[in-house]
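# Tertiary structure, described
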Amino acid sequence: AYMSGFGNEFASEDSRCPGSLPEGQNNTQVCPYGLYAEQLSGSAFTCPRSTNKRSWLYRILPSVRHKPFTPMSCGDLTENWNEVEPDPNQLRWKPFNIPKSSEKKVDFISGLHTVCGAGDSKSRNGIAIHMYTCNTSMIDKCFQNADGDFLIVPQQGEILITTEFGKMMVEPNEICVIQQGMRFSVDVFRETRGYILEVFGAHFELPDLGPIWANGLANPRDFQTPVAWYEDRTVATGYTIVNKYQGKLFSCQQDFSPFNVVAWHGNYTPYKYNLENFMVINCVAFDHADPSIFTVLTAKSTHDVLNNAVSNRHSCLSHPSAWL
């Protein structure tokens, strides 16, 4: 189940625990059901109200109750663009091979491959483009990106994404955004492949419509945010949390599922969008309009004219200029 809207002030509680969302307060002295209140911030708390991003989560156990993080192999994931020599020639990649499950079990994390990018997470400016190829679900394991937002585009095979906010089923021709700091796990049902656009230092937003005025392109009502869902599950063998931090991967262990948020409210959430709902604006007489008329979401850079735009036909990356 989902709630409709983009950037709304959402509120949701699992129906198994009625009244778990505190009324009139964020951080009560004693939360209903003995829950722990945590705030997840997507911006500095000093930001103006119009750009302030945060959600309050009410969970069974605190998210900080885990063992220390230790470095782990990054595999084919990187943001060190100096690893290869610059090449000004046009390049094209064949589709990434998906390992056969009968030969090797590969989940979402181990199946991440960086293709290209610019900037880095330390400077909070730039992007990275990844592919994922996987054939097995993440078992007692979740991923958290402390560097930026993931925009995930399934190309082959649907994925079931479990987040601290609830569950999302994302199929080809749909996109989803997992924002910075949110923990999530990916279940797959067959050999699966897709794209990821990672942005550093900015969040995706709807583009201004200009002379289109009120209606067109991606309408806010068509974006979907999951409703609250939780599991109160002890994992005696250990639950693994993988954290991407400053371009490196780290892991830690805890003995319970992190998806123990019974209720939450706020405007900083994961969400998905079906591209079939995109209202296309096109040239009808002659000439070729700029591809920005197909923009679904945009992530603004520090320069107004250099934005990362996610298009319904292709991704327009204006910094650096590139077409996918």
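Residues numbered from 1 in each chain as written. Predicted model: local features only at pLDDT ≥ 70, side-chain atom pairs only at ≥ 80, totals over all residues. Heavy atoms only, no water.

An unreviewed UniProt entry lists the protein chain under the name Homogentisate 1,2-dioxygenase, with Cyprinus carpio as the source organism. Recorded in UniProt for the protein chain, the comment headed Cofactor (unreviewed entry) runs: "Fe cation". The Sequence similarities (unreviewed entry) field of the UniProt record for the protein chain holds the comment "Belongs to the homogentisate dioxygenase family." (UniProt positions renumbered as here; feature names shortened; annotations may be inferred.)

## Quick look at the sheet that holds strand β15 (residues 223-226)
In space, the eight strands of this open sheet follow the order β1-β15-β19-β12-β9-β14-β7-β6, with antiparallel pairing throughout. The open sheet terminates on both sides in strands that have one partner only, identified here as β1 (2-4) and β6 (112-120). Across the sheet, the axes of successive neighbouring strands diverge by a mean angle of 20°, strand direction being ignored. Relative to strand β19 (residues 271-274), strand β12 (residues 174-178) is paired through four bridges, and the arrangement is antiparallel. Looking at β19, one finds that cysteine 176 is bridged to lysine 272. (Pairing = 2+ DSSP bridges. Helix = DSSP H or I, 4+ residues; strand = E, 2+ residues; numbered from the N terminus. Axes fitted to C-alpha atoms, helices over the stretch in contact; angles between N-to-C directions.)

## Topic: the packing of aromatic side chains
One pass over the full model with this rule turns up ten aromatic pairs. Their ring planes at 75° and their centres at 5.0 Å tell us that phenylalanine 165 and tryptophan 264 sit as a pair that is edge-to-face. Placement of phenylalanine 165 in the loop between β10 (159-163) and β11 (166-170) and of tryptophan 264 in strand β18 (residues 261-266) is noted, with a sequence separation of 99 residues between them. Tryptophan 264 matches phenylalanine 165 in its accessibility class, with the two residues each being buried. An aromatic cluster is present here, built from Phe108, Tyr132, Phe143, Phe150 and Phe184 joined pairwise through their rings. The ring of tryptophan 229 has lysine 167 sitting right over it, with the charged end atom 4.1 Å from the ring centre. (Phe/Tyr/Trp six-rings, centres within 6.5 Å; stacked < 30°, edge-to-face > 60°. Buried < 20%, exposed > 50% of the residue type's maximum accessible area, 1.4 Å probe, protein only. Lys NZ or Arg CZ within 6 Å of the ring centre and 35° of its normal.)

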